[in-house]
Amino acid sequence: MSLSFAVQPNPNPATPERVAEIHANPGFGKYFTDHMAVATWTKGQGWHDDVIVPYGPLQMDPASAVFHYAQEIFEGLKAYRHADGSVWLFRPERNAARLNQSAHRLCLPELPVEDFLTSVTELVRVDERWVPSADGGEQSLYIRPFMMAHENFLGVRAAETVLYCVILSPVGTYFAEGVRPIDIWITHDYSRAGIGGTGAAKCGGNYASSLIAQYEGYENGCSQVLFVQPCVDRVDELGGMNVFVVSRDGALITPATEGTILHGVTRDSILQVGRAMGLDVQERRLPPEELEEGITSGRFVEAFCCGTAAVISPIASFKSKHGAYSLPPGSGSITMKLRDAITDIQFGRAEDTFGWMHRIV
Ligand SMILES: *Cc1c(COP(=O)(O)O)cnc(C)c1O
């Protein structure tokens, strides 16, 4: 039976003045709406107790397995308000499918696609006033579904009680500095995901293990880190974003996923938009030496990273312990064309020729 996520309204919702104040300067992931969706899964019983409740702390036992063994996965997507006031999701069925791929890898239960879509849709409808108007900018409502072991037991096995939860956060642009080319640190000392590991799953543990390299990047004046796959000598991705380069002759190149890279919805959308624009789209191995050589020789003229949070961020330079590799300043016309093509679809400024948008309000 499918879940319905009945609503228990928040008796103390934020005032309209407070919502307006947050919309004026939302930052990223700092403020949350009036409600959250929750559901519990129990072995033998399946999903139950699906409900939308006032946003608030979860009661967790200190022995809850997620605190000890990190059996946790998450998703990230956004709700976009169009100029006519309607509210839309971008390819949410891809997030639903990916949540289940991550669930499989982490021995968590699958959540039927339909139930995922109901949880997200019903929650955004209840908190619709929190979806910012785009007003020519890029404000949206970030949606964070997540699932975790929720059983009080210190033995090591897949949890037999699991909690699924969805929270919402109004957001502006991801990087404090806005859409500005960023510098990327290539770490050769830490890896994010190994072959056979959890790189293709969206799990919190991947982020925990990426942080130390992120700080190595900060110490070297960079705002993000690019991970390479040491044994097979290929570029993978950033801590939370996929990476692309553009060559002088119009090739759009991104590392093939090969099990260690997260299948980004933005990545996939860029590949489709790139093909439609007539670019020579290549998903293949990209050795870090080729990246460095390509930039030095002038063969690679643009680079960018991508994900739901920041959409597309142009890359100004890569740095590693081997040297610094700057893309030509002022390039980035294909990057910005791809970025505009995607954000125009998301915000309803261009025709949705791919059939990606789902209207929910
Ligand atoms: C979420 C994520 C991405 C981007 O995926 P989108 O679906 O485009 O948001 C890329 N890499 C990692 C490691 C991620 O967790």
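Enquirer: Which residues make up helix H5 (residues 204-219), and what values do they have?
Expert: Its 16 residues give H5 an end-to-end C-alpha distance of 23 Å, which sits within 8% of 22 Å, the value for a rise of 1.5 Å per residue. By the burial criterion, the buried members of H5 are Asn206, Ser210, Ala213, Gln214, Glu216 and Gly217. Buried-residue contacts for H5 involve strand S9 (182-187) and strand S10 (224-229).

Enquirer: Give me the site of the ligand: which residues, what numbers.
Expert: Around the ligand, the surrounding shell holds 15 residues, and the nearest of these are Lys202, Tyr207, Glu237, Thr266 and Thr308. Lys202 has a polar side-chain atom sitting 2.7 Å from an oxygen atom of the ligand. Between Tyr207 and the ligand, the recorded distance is 2.5 Å, taken from a side-chain N or O atom to an oxygen atom. For the ligand, the accessible surface in isolation is 380 Å², of which the surrounding protein chains cover 96%. Across the shell around the ligand, the residue classes tally to four nonpolar, seven polar and four charged.

Enquirer: Which residues make up the domain arrangement of the chain, and what values go with them?
Expert: In terms of domains, the chain is made up of domain 1 (6-171) and domain 2 (182-346). Its C-alpha centre places domain 1 at a distance of 27 Å from the equivalent point of domain 2. Taken residue by residue, the interface counts 20 residues in domain 1 and 23 residues in domain 2. Between domain 1 and domain 2 lies a buried interface of about 1900 Å² when both sides are counted; carbon and sulfur atoms form 54% of it. Together, Phe74, Phe90 and Arg98 form the three largest contributors to the area buried by domain 1 at its contact with domain 2, with a combined 31%.

Rules behind the numbers
Residues numbered from 1 in each chain as written. Predicted model: local features only at pLDDT ≥ 70, side-chain atom pairs only at ≥ 80, totals over all residues. Heavy atoms only, no water. Helix = DSSP H or I, 4+ residues; strand = E, 2+ residues; numbered from the N terminus. Expected span 1.5 Å × (residues − 1). Buried < 20%, exposed > 50% of the residue type's maximum accessible area, 1.4 Å probe, protein only. Contact = heavy atoms within 4.5 Å. Near = heavy atom within 4 Å. Polar contact = N/O pair within 3.5 Å; in protein donor to acceptor, adjacent residues only side chain to side chain. Areas by Shrake-Rupley, 256 points an atom, 1.4 Å probe, with all protein chains shown as cover. Nonpolar A, V, L, I, M, F, W, Y, C, P; charged D, E, K, R; others polar. Domains from an automatic or database assignment. Buried area = accessible area lost by both parts, 1.4 Å probe.

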